[in-house]
Amino acid sequence: MSGLSAKTRDRLLYLISPIGLLLLWELLLLAGFGDRRFIPAPSDIATRYWQLVVNGELAYHTGVTLMRVFAGFFIGVIPAIALGLLMAMFAPVRIFIDPLIASLFPIPKIALMPLLLLALGFGEASKIALVAIAVFFPVIVNTYVGAANIEKIYWDVARNYGASQTVLFTRIVFFGALPTIFAGLRIALAVSFIVLVAAEFVATKSGLGYLIWNSWELLEVTTMFCGIVTIGILGLITSALFQELERKVIPWKAE
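Residues numbered from 1 in each chain as written. Predicted model: local features only at pLDDT ≥ 70, side-chain atom pairs only at ≥ 80, totals over all residues. Heavy atoms only, no water.

Inspection of the entire model under this criterion finds three salt bridges. A salt bridge links E124 to R68, with the nearest nitrogen and oxygen atoms 2.6 Å apart. Here the residue E124 occupies a position in helix α6 (residues 124-148), and R68 occupies one in helix α3 (residues 57-89), the gap between them amounting to 56 residues. In this structure E124 comes out as partly exposed when scored by relative accessible area, which is 33%. For R68, a relative accessible area of 0% puts it in the buried group. A salt bridge links R68 to E200; the nearest nitrogen and oxygen atoms lie 2.7 Å apart. You can see R68 sitting in helix α3 and its partner E200 sitting in helix α8 (residues 165-200), a full 132 residues away along the chain. Assessed through its relative accessible area of 0%, E200 is described here as buried. (Salt bridge = Lys/Arg side-chain N within 4 Å of Asp/Glu carboxyl O. Helix = DSSP H or I, 4+ residues; strand = E, 2+ residues; numbered from the N terminus. Buried < 20%, exposed > 50% of the residue type's maximum accessible area, 1.4 Å probe, protein only.)

Between helix α9 (residues 208-217) and helix α10 (residues 221-249), the shortest axis-to-axis distance is 7 Å and the interhelical angle comes to 155°. As judged from the angle between their axes, α9 and α10 are roughly antiparallel. The handedness of the crossing between α9 and α10 is left-handed. Residues L208, L211, I212, S215 and W216 of α9 lie in contact with α10, whose contacting residues are T223, M224, G227, I228, T230, I231 and L234. Taken together, the residues that form the contact of α9 with α10 break down as eight nonpolar, four polar and no charged. (Axes fitted to C-alpha atoms, helices over the stretch in contact; angles between N-to-C directions. Parallel < 35°, antiparallel > 145°, perpendicular 65-115°, else oblique. Left-handed = near helix turned anticlockwise from the far one by under 90°. Contact = heavy atoms within 4.5 Å. Nonpolar A, V, L, I, M, F, W, Y, C, P; charged D, E, K, R; others polar.)

Glancing now at the packing of helix α2 (residues 42-54) against α10. Close contact between α2 and α10 brings their axes to 9 Å; oriented N to C, the two are set at 85°. Taken together, the axes of α2 and α10 are roughly perpendicular relative to one another. For the pair formed by α2 and α10, the contact residues are D44, I45, R48, Y49 and L52 on the first element and T222, T223, F225, C226, V229, T230 and I233 on the second. Across the contact of α2 with α10, the residue classes tally to seven nonpolar, three polar and two charged.

Mean pLDDT over the protein chain: 84, with 91% of residues reaching 70 or higher. Mean pLDDT values over the elements of the protein chain span from 70, in helix α7 (residues 152-160), up to 92, in α3. (pLDDT = per-residue confidence, 0-100.)

A few words on the nonpolar core. Grouped burial of nonpolar side chains is what soluble globular proteins tend to show. F73, V77, V139, I140 and L185 are the most contacted members of the largest nonpolar core, which totals 45 residues. Put simply, the parts of the chain that give this core at least two residues each are α2, α3, α4 (91-104), α6, α8, α9 and α10. Residues within four places of V139 in sequence aside, it is in contact with V77, A80, I81, G184, L185 and A188. Within the second largest apolar cluster, nine residues are counted, among which are M113, L116, L117 and A203. (Core = buried A, V, L, I, M, F, W, Y, C linked by side-chain atoms within 4.5 Å.)

Here's what the structure looks like:
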């Protein structure tokens, strides 16, 4: 790797661990560890995966899940960032919202699915609302922590130069909190896949969660693993995209 740039080398190293895990998985099954009827080899999964790609079934379920994830993600993230910044700037806002976060954050969000189904029905709204609620809490907490820990000198300098509340909000608080905001966004994206796939087990007839659960009921274990692997691939891709976006948006952050 001596002739490669540092960025290319980092990207290659990023892929080594999942590829190495797949190779180890295949070799252990070939060596007789495990039953391929219940734990298929990566080669078996790859064959079934290709069949699902060709017939369009995997693309359909993946598209439905991604639509729900991103719709709920953006609906939940935008107010969470705004409120987190306001909590850092204004004590009354923090005093009002903090006990709500403390009491509601520990509740498993998937436990809210029956209530959302009663309120919003079995359509897309209930799944999107669940994702929005799930991503709201990690983002608002990370945003507040990042904004509250901005060094006091930046606040003092801005106020000494007569900066308005709008300038403080957009130039000092927001940019100062960006590193921890991105950390919260990455956590929230992972959480959104977790709660949505769990909801798709029982509350829909489409999506990767439905594909996994339906395959389990029919004992189509290889298809079930295809759904699980797809979620892992989506997590890997979205995490890499967030890292690239973070490098572009926060160029001053130390590597």
